[in-house]
Amino acid sequence: MALDLTAPPAGFLAFWREKHVCTLTTLRPDGTAHVVPIGVTYDPDERLARIITGGGTAKVRHVRAAGPEGARVAVCQPAGRYWSTLEGVATVSEDPARIADAERRYAVRYGREPRENPARVVIEIAVDRAMGNLPPEQA
């Protein structure tokens with residue numbers, strides 16, 4: 001079911017604050033899907049999802065390969081038979097302030113400080129579509 005990002009249900013937002021391992025799907029240069037487990041945060045006010053990661057990872061290379069306009073990606077959060085997916089355009093930032101903000105948000109959602117990583121970057125996804133199958137109390 002598609003979700004309205006201009007007025008997201010409270011349950012949808014609560015679901016994206018719960019501690020879950022998610023997946024990120026990027027495209028390899030040959031067009032095949034690259035799916036990896038990640039931690040992600042979602043800011044509904046900015047409609048921005050953030051993923052902290054090392055600058056040399058395949059996911060970062062895939063996003064950068066798309067050029068400065070960014071790459072279409074999807075982030076999925078499964079929880080048993082329930083799930084939600086955020087889609088949008090991803091870009092990579094090396095800005096220390098943006099990375100620190102993403103680290104802070106990660107610590108809040110996942111209840112722990114991220115490990116030290118001097119090569120850290122943040123993948124920022126400008127979310128333009130959301131869908132999911134949420135529990136009735138969260139739909």
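Residues numbered from 1 in each chain as written. Predicted model: local features only at pLDDT ≥ 70, side-chain atom pairs only at ≥ 80, totals over all residues. Heavy atoms only, no water.

Trainee: With reference to specific residues and values, describe helix H3 (residues 96-110).
Mentor: Helix length check: H3 (15 residues) gives 21 Å between terminal C-alpha atoms against 21 Å at 1.5 Å per residue, within 8%. Along H3, the residues classified as buried are Ile99, Ala102, Tyr106, Ala107, Arg109 and Tyr110. All buried residues of H3 lie within an arc of 165 degrees about the axis, which places them on one face of the element. Of the exposed residues in H3, those oriented more than 90 degrees away from the buried face are Ala97 and Val108. Just downstream of H3, glycine 111 is the residue with a positive phi angle, here 70 degrees. (Helix = DSSP H or I, 4+ residues; strand = E, 2+ residues; numbered from the N terminus. Expected span 1.5 Å × (residues − 1). Buried < 20%, exposed > 50% of the residue type's maximum accessible area, 1.4 Å probe, protein only. Arc of directions from axis to C-beta.)

Trainee: Which residues make up helix H2 (residues 58-65), and what are the values?
Mentor: All buried positions along H2 are accounted for by Lys59, Val60, His62 and Val63. In a view along the axis of H2, the buried residues occupy a sector of 160 degrees, so they form one face of it. Of the surrounding elements, those touching the buried residues of H2 are strand S2 (22-27), strand S3 (33-38), strand S5 (48-54), strand S6 (71-79), strand S7 (82-93) and strand S8 (120-133). (Contact = heavy atoms within 4.5 Å.)

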